[in-house]
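Here's the letter readout for the chains.
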Amino acid sequence: MSLPKVILKSGKEKSIQRRHPWIFSGAVYGVSREINDGEMVDVVDSKNNHLGTGYFSDKGSIVVRILTFGEETFTENFWKDKLQSAWYLRTQILDFEVTNAFRVIHGEGDGISGLIIDYYDKNWVIQAHSTGVFLQMEQIAEAIKSNFSEYCETIYCKSSGTLPNTGTDYFLFGNKVEAVAKENNILFSVNWVEGQKTGFFLDQRENRKLLGEFSKGKKVLNTFCYTGGFSIYAMSAGAELVTSVDISQKAVDLAASNMELNFPNANHKAVADDVFNFMKEHTQQYDVIVLDPPAFAKSIKSKHTATQAYKRLNIAGLKALAPNGILFTFSCSQVIDDVLFYNTVAAAAIETGRNIRVLHKLEQGPDHPTNIYHPEGHYLKGLVLFVE
């Protein structure tokens, strides 16, 4: 049976010809018939030339998420093939003996717009960002079980936060709710049912490891600590003192629990407090500070307000940093690009009047790849600063 068609305006085919996977509403001339949310469609140009196939959405500005381009055809082996390709990449960039928690599918970066799959020691957590992908959840689960039976104990669909109309989250296979995951031989308790996102922030793995190189014998402050990832890496490298701060008591308890899991006798303080308030009220200066806030900007409309918040946060962090200290500062807001983030941190630096050098520019780990045709997939930005 032929698929319904989404017809583009003249001249609007160029982005898909460059293999960008999003079709925006402003590029659409019309449709061949009424199309349901999540239905698969063919995309054609104004002369009816086939450009690609993907899932239709009647919500938001992205009308179609392309899965196959040009003459490629979508077959029943699509999910198996994509999963095998993604898994192969992870075998090349990770040592499974020391790390058993990583992202398997990173949306557009792995050729499946709208799909996230994270892996925690034989437990798979799937998150759909489009109705089309959500409707294929059973097929995706079958592809996981078929391809990776020896690496699969549980498959959990956690899409209620990204697609509120889908109802509750549910198990597709197995029933485990948590596991002790291993990252560079450091242990983390991960609960994908109750935790944020898929249970853990995997994108900072390489940056956490780098932090350890600066932490030996130092006093380290980890703000917005969540599960305490940066804190535990700092302690593993021999930090003198680590303080973890988060406004959420639940997050602080997780950080403390994960520290206990790895270093029962660590000199670790876990504090539930507003980060801005903590840095203002405490006179203790730290040798290393991590500023890793949640996304301050969720949309273009909040871009200016977010920029000001990042500036205030970095001023506070720089003031709390001891002479010759190290600042790790991040933004995961997609609408704050590298240049704007750099300039915002520079503006904060100017206000402090301190001599500052950039040591590293950071991004998400390689298991969160960016599709070269989809630069929007690069979302995590970070700087490591040496502050005199």
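Residues numbered from 1 in each chain as written. Predicted model: local features only at pLDDT ≥ 70, side-chain atom pairs only at ≥ 80, totals over all residues. Heavy atoms only, no water.

**Student:** Looking at this structure, how should I read the layout of surface pockets?
**Tutor:** One simple way to see leftover space: roll a probe sized like a water molecule over the atoms. Reported here for the second largest pocket is a volume of approximately 320 Å³. Lining the second largest pocket we find 22 residues, and of these Lys82, Glu108, Asp110, Gly111 and Asn371 sit closest to its centre. When contributions to the lining of the second largest pocket are tallied by element, the ones reaching two or more residues are β6 (62-69) and α2 (78-93). Ranked by residues supplied to the lining of the second largest pocket, first place goes to α2 with 5 residues. Residue classes in the lining of the second largest pocket are distributed as 9 nonpolar, 7 polar and 6 charged. (1 Å grid on protein atoms, 1.4 Å probe; cavity = no way out; pocket = protein on both sides within 12 Å on 5 of 7 lines; lining within 4 Å. Points joined across faces, edges and corners; volume = space filled by probe spheres on them. Helix = DSSP H or I, 4+ residues; strand = E, 2+ residues; numbered from the N terminus. Nonpolar A, V, L, I, M, F, W, Y, C, P; charged D, E, K, R; others polar.)

**Student:** Looking at this model, I keep getting lost on the UniProt feature "domain: PUA" (unreviewed entry) in the protein. Mind explaining?
**Tutor:** According to UniProt, the positions carrying the feature "domain: PUA" (unreviewed entry) are residues 4-78. Secondary structure content for residues 4-78 is 7% helix and 41% strand, while the C-alpha to C-alpha distance between its ends is 20 Å. (UniProt positions renumbered as here; feature names shortened; annotations may be inferred.)

**Student:** What's the story with the nonpolar core in this structure? I'm lost.
**Tutor:** Generally speaking, a soluble globular protein has its nonpolar side chains buried in company with each other. One finds Tyr120 and Phe328 to be the most contacted residues of the largest nonpolar core, which totals 33 residues. Elements with a minimum of two residues in this core: β12 (178-183), β13 (186-191), α5 (205-213), α6 (229-236), β17 (286-291) and β18 (321-331). Here the element with the most residues in this core is α6; it accounts for 5 residues. What Phe328 contacts, discounting residues up to four positions off in sequence, is Asn207, Leu210, Leu211, Phe214, Ile289, Val290, Leu291, Leu362, Leu383 and Val384. (Core = buried A, V, L, I, M, F, W, Y, C linked by side-chain atoms within 4.5 Å. Buried < 20%, exposed > 50% of the residue type's maximum accessible area, 1.4 Å probe, protein only. Contact = heavy atoms within 4.5 Å.)

**Student:** Quick question: what am I supposed to make of helix α7 (residues 249-262) here?
**Tutor:** The α-helix advances 3.6 residues per turn, and as a result positions three or four apart in sequence lie on the same side. In this model, α7 (14 residues) spans 20 Å end to end at C-alpha, consistent with the 20 Å of a helix rising 1.5 Å per residue. Of all the positions in α7, only Ala251, Val252, Ala255, Asn258, Met259 and Asn262 are classed as buried. Across the axial projection of α7, the buried residues extend over an arc of 125 degrees, all falling on one side. Its side-chain oxygen 3.3 Å from the backbone nitrogen of Lys250, Ser248 forms the N-cap of α7. (Expected span 1.5 Å × (residues − 1). Arc of directions from axis to C-beta. Polar contact = N/O pair within 3.5 Å; in protein donor to acceptor, adjacent residues only side chain to side chain.)

**Student:** Whenever I open this one, the packing of α5 against α6 confuses me. Can you help?
**Tutor:** Each pair of packed helices can be described by the angle between their axes along with the distance between the axes. Contact geometry for α5 and α6: axes closest at 8 Å, N-to-C directions at 35 degrees. By crossing handedness, the relation of α5 to α6 is classed as right-handed. Residues Arg205, Asn207, Arg208, Lys209, Leu211 and Gly212 of α5 lie in contact with α6, whose contacting residues are Gly229, Phe230, Tyr233 and Ala234. (Axes fitted to C-alpha atoms, helices over the stretch in contact; angles between N-to-C directions. Left-handed = near helix turned anticlockwise from the far one by under 90°.)

**Student:** Help me out: how do you make sense of empty space enclosed by the protein in this one?
**Tutor:** Per the counting criterion, the structure on display carries 1 cavity of 30 Å³ or more. Space inside the largest cavity adds up to approximately 40 Å³. In terms of lining, the largest cavity is formed by Tyr55, Phe56, Ser57, Ile62, Val63, Val64, Arg65, Ser130, Thr131 and Gly132. Where the lining of the largest cavity is concerned, the elements lending two or more residues are β5 (50-56), β6 and α3 (131-134). The leading source of residues in the lining of the largest cavity is β6, at 4 residues. In terms of residue class, the lining of the largest cavity is built from 5 nonpolar, 4 polar and 1 charged.

**Student:** Help me understand the pattern of salt bridges, please; the structure alone is not making it clear to me.
**Tutor:** Oppositely charged side chains can pair when the atoms bearing their charge come close. Scanning all chains against the criterion turns up 15 salt bridges. The closest approach of N and O atoms between Glu388 and Arg357, which form a salt bridge, is 2.5 Å. With Glu388 in the segment after β20 (381-387) and Arg357 in strand β19 (residues 356-362), this pair connects stretches of sequence that are 31 residues apart. Judged by relative accessible area, Glu388 falls into the partly exposed class, the value being 36%. Overall, the relative accessible area of 47% leaves Arg357 in the partly exposed class. Among the charged side chains, a salt-bridge network with shared partners connects Glu183, Arg205, Arg208 and Asp367. (Salt bridge = Lys/Arg side-chain N within 4 Å of Asp/Glu carboxyl O.)

**Student:** What exactly am I supposed to notice about the sheet that holds strand β14 (residues 219-223) here?
**Tutor:** Two orientations exist for strands paired in a sheet by backbone hydrogen bonds: parallel and antiparallel. In space, the 7 strands of this open sheet follow the order β16-β15-β14-β17-β18-β20-β19, with mixed pairing throughout. What marks the edges here is a single partner per strand, and that holds for β16 (268-272) and β19. Neighbour-to-neighbour, the strand axes of the sheet open up by a mean angle of 15 degrees, direction not taken into account. Bridging between β18 and β20 involves 7 bridges; their strand directions are antiparallel. By the bridge assignment, Gly325 is partnered in β20 with Val387. Each of β17, β18, β19 and β20 touches α5; the most contacted strand, β18, lies at about 175 degrees to it. Across the sheet, α7 lies against β15 (241-246) and β16, angled at about 165 degrees from β16, the strand it touches most. (Pairing = 2+ DSSP bridges.)

**Student:** What exactly am I supposed to notice about helix α4 (residues 137-147) here?
**Tutor:** Among all positions of α4, only Met137, Ile140, Ala141, Ala143 and Ile144 are buried. All buried residues of α4 project into a common sector of 160 degrees when viewed along the axis, lining one side. Taken together, the buried residues of α4 touch α2, β8 (115-120), β9 (123-128), α3, β10 (154-157) and β11 (170-173).

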